[in-house]
Structures are given as C-alpha cells and as structure tokens.
Amino acid sequence: MLQQEKLVSLLCRVLNQNVKLRKGYTQAMFHCPFCGEQKKVPKLEICLDGVDSGSWHCWICHARGTTLKSLFFKLHAPKQYIEELFSITGNVYRE
C-alpha cells in the first residue's frame, strides 16, 4: 500500500492535479492532459495494482500506454520525476 501511496503522490505532482481514487487504491483517475477534457468526472484512468499495473488510458481521446514510464515520457516529465518513479517501482533508470 505504501508504494501505491507514493505513486499516487508522484502522479499528482507530475499531472499537477488532485486524484480521484476508484476501487480502493487500484485505479487513479485524472483529467486527461492530452485531450484537455475537463468534465466533472476525470477520464484518464491509471491502473495501480494487479496484472495491468502501470497501464493508463483516456476514455475520451484514447491515449494509452502500458507503463507509467511511457506516460511520464509522453508528458515530458522532468528527469527527477522519472528517477523517483524508478526508485518507487524498483527499476533502474538509464538515459
């Protein structure tokens, strides 16, 4: 659970938004930065747990990826956030 809390905190900083959690801590919902939708209910869904952990999908513009790394690179996140992501997930960051 601590890892998921760290991931949620990092995602909030990268996306500069508050999160809406679904199904406990297994899905995080945000407003999509790619299509700019601003409906009441956020449509960018990020899976935080299970087999699909790290996968993300926008239900409006269909932007998607299978890892949080792909999301961070698509968002042009600063290197420090990518390194923090890798330290949370236990991966090694290589440029």
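The paragraphs below set out a description of the structure included in this document.

What counts, and at which threshold
- Residues numbered from 1 in each chain as written.
- Predicted model: local features only at pLDDT ≥ 70, side-chain atom pairs only at ≥ 80, totals over all residues.
- Heavy atoms only, no water.
- Helix = DSSP H or I, 4+ residues; strand = E, 2+ residues; numbered from the N terminus.
- Rg over C-alpha atoms; globule rule 2.2 N^0.38 Å.
- Buried < 20%, exposed > 50% of the residue type's maximum accessible area, 1.4 Å probe, protein only.
- Contact = heavy atoms within 4.5 Å.
- Lys, Arg positive; Asp, Glu negative; His and termini not counted.
- Charge placed at Lys NZ, Arg CZ, Asp CG, Glu CD.
- Core = buried A, V, L, I, M, F, W, Y, C linked by side-chain atoms within 4.5 Å.
- Arc of directions from axis to C-beta.
- 1 Å grid on protein atoms, 1.4 Å probe; cavity = no way out; pocket = protein on both sides within 12 Å on 5 of 7 lines; lining within 4 Å.
- Points joined across faces, edges and corners; volume = space filled by probe spheres on them.
- Nonpolar A, V, L, I, M, F, W, Y, C, P; charged D, E, K, R; others polar.

As for the overall build of the protein
Looking only at helices and strands, the protein has 3 helices and 5 strands in total. Overall, the protein shows an N-to-C arrangement of helices and strands of α-β-β-β-β-β-α-α. Relative to the globule expectation of 12 Å for 95 residues, the C-alpha radius of gyration of the protein, 12 Å, shows essentially globular dimensions. When its C-alpha atoms are laid out on the principal axes, the protein stretches across 35 × 25 × 20 Å. Looking at the 95 residues of the protein, the share that counts as buried comes to 39%. Within the protein, contacts between residues at least 6 apart in sequence are counted, and of these 28% link residues at least 24 apart. Where the 13 positive side-chain charges of the protein centre and where its 8 negative ones centre are 6 Å apart.

Observations concerning the nonpolar core
With 25 residues, the main nonpolar core has Leu11, Phe30, Leu44, Ile46 and Phe72 as its most contacted residues. Counting residues per element, this core draws most heavily on helix α1 (residues 2-15), at 7 residues. Discounting residues that sit within four places of it in the chain, Phe30 has contacts with Leu11, Cys12, Leu15, Gln17, Asn18, Val19, Glu37, Pro42, Lys43, Leu44 and Ile46.

Describing helix α3 (residues 79-89)
Residues that lie three or four places apart on an α-helix share one face, since the helix turns once every 3.6 residues. Here α3 has its buried residues at Tyr81, Ile82, Leu85, Phe86 and Ile88. For α3, the angular spread of the buried residues around the axis is 160°, confining them to a single face. In this structure, α3 carries Gln80 and Ser87 as exposed residues pointing more than 90 degrees from its buried face. On its buried face, α3 is in contact with α1 and α2 (68-74).

Quick word on the layout of surface pockets
In this model, the second largest pocket occupies a volume close to 150 Å³. At the level of elements, β3 (44-47), β4 (56-58) and β5 (64-65) are the ones that each hand at least two residues to the lining of the second largest pocket. The element that contributes the greatest number of residues to the lining of the second largest pocket is β3, accounting for 3 residues. Taken together, the residues that form the lining of the second largest pocket break down as 3 nonpolar, 5 polar and 3 charged.

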